[in-house]
Amino acid sequence: MLAIAQRCTSSSITVDNEIISEISLGLLILLGVCKGDEKKDSEYIAKKITALRIFSDKKGKMNLSVSDVGGSILVVSQFTLCANLKRGSRPSFIEAAPPKIAELLYNYFVLCLRKNGAEVQTGKFGANMDVELVNQGPATFVIDSKL
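Residues numbered from 1 in each chain as written. Predicted model: local features only at pLDDT ≥ 70, side-chain atom pairs only at ≥ 80, totals over all residues. Heavy atoms only, no water.

A few points about the overall build of the protein chain
- The secondary structure content of the protein chain amounts to two helices and eight strands.
- The order of helices and strands in the protein chain, counted from the N terminus, is β-β-β-α-β-β-β-α-β-β.
- At 15 Å, the protein chain has a C-alpha radius of gyration in line with the 15 Å of a compact globule built from 147 residues.
- Counting only C-alpha atoms and orienting by the principal axes, one finds that the protein chain spans roughly 45 × 35 × 30 Å.
- Every one of the 147 residues in the protein chain was classed for burial, and the buried ones make up 41%.
- Taken as a whole, the protein chain presents about 8,600 Å² of accessible surface, with 50% of it coming from carbon and sulfur.
- Taking the average location of the 18 positive side-chain charges in the protein chain and that of its 15 negative ones, the two points are 8 Å from each other. (Helix = DSSP H or I, 4+ residues; strand = E, 2+ residues; numbered from the N terminus. Rg over C-alpha atoms; globule rule 2.2 N^0.38 Å. Buried < 20%, exposed > 50% of the residue type's maximum accessible area, 1.4 Å probe, protein only. Areas by Shrake-Rupley, 256 points an atom, 1.4 Å probe, with all protein chains shown as cover. Lys, Arg positive; Asp, Glu negative; His and termini not counted. Charge placed at Lys NZ, Arg CZ, Asp CG, Glu CD.)

Right, here's the structure in full:
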């Protein structure tokens, strides 16, 4: 499982010209569920994200978590993170989990974030979404449950 965590001052998801989710200060998480991923992968990444100290304290040091700053998390499913780009110019998505499994693990990931105390908004699984983001920093982090 792969996650891209982007620190933001605002982020929103629009589907069919309607904003369905939005947050102010917090994290935008793009989540890719790959073949072979299990619940333990969702648990690991959710725990890592809620504990990450990537927000600045009063001294300007990255020392605070999303909950420490009163932030929220916006989670977007992104199967393209599992793309294989090694050969040719066209991505292969055979490493992405099948949609039914991916959706179950995506929903479980969101549940794990909430169990860890995070305020969470979501995109719409499988939908064509427009994602808006004001990346603060910019600060972007890659989390891989297999490393």
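Here we look at the pattern of salt bridges
- Within this structure, the stated rule accounts for three salt bridges.
- In this structure, Asp 37 and Lys 146 form a salt bridge, with 3.2 Å as the shortest nitrogen-oxygen distance. With Asp 37 in the loop between strand E3 (26-32) and helix H1 (39-51) and Lys 146 in the segment after strand E8 (130-144), this residue pair connects regions lying 109 residues apart in the sequence.
- Exposure remark for Asp 37: the relative accessible area of 8% places this residue in the buried category.
- Between Lys 146 and Asp 41 there is a salt bridge, with the nearest N and O atoms lying 3.0 Å from each other. Of this pair, Lys 146 sits in the segment after E8 while Asp 41 sits in helix H1, and the two are 105 residues apart along the sequence. (Salt bridge = Lys/Arg side-chain N within 4 Å of Asp/Glu carboxyl O.)

Things to note about helix H2 (residues 99-115)
- Spanning 17 residues, H2 covers 24 Å between terminal C-alpha atoms, matching the ideal 24 Å at 1.5 Å per step.
- For H2, the set of buried residues is Ala 102, Leu 105, Tyr 106, Tyr 108, Phe 109, Val 110, Cys 112 and Leu 113.
- The positive-phi residue at the C-terminal boundary of H2 is Gly 117, with phi of around 95 degrees. (Expected span 1.5 Å × (residues − 1).)

A few points about the state of the cysteines
- The tally for this structure, following the rule as stated, stands at one disulfide.
- Here Cys 34 is linked by a disulfide to Cys 82, with a sulfur-sulfur distance of 2.4 Å. Disulfide Cys 34 to Cys 82: torsion about the S-S bond roughly -90 degrees, handedness left-handed. Taken together, the residues span a long stretch of sequence, with Cys 34 in the loop between E3 and H1 and Cys 82 in the loop between strand E6 (72-77) and H2 at a distance of 48 residues. (Disulfide = S-S within 2.5 Å.)

Things to note about the pairing of strand E1 (residues 2-15)
- In terms of residue burial, E1 counts as a mostly covered element, since twelve of its 14 residues are buried.
- One ladder, built from seven bridges, connects E1 with E3; its direction is antiparallel. Bridging from a neighbouring strand, Ala 5 pairs with Ile 29 of E3.
- As defined by bridge partners, E1 adjoins E8 across eleven bridges and the pair is classed as antiparallel. Looking across to E8, one finds that Ser 11 is bridged to Leu 133.
- Of the strand pairs in this sheet, E1 and strand E2 (residues 18-23) are connected by five bridges, and their pairing is antiparallel. Bridge pairing in E2 links Ile 13 to Ser 21.
- Here E1 hands over to E2 after two residues, with Asp 16 in that stretch at a positive phi of 50 degrees. (Pairing = 2+ DSSP bridges.)

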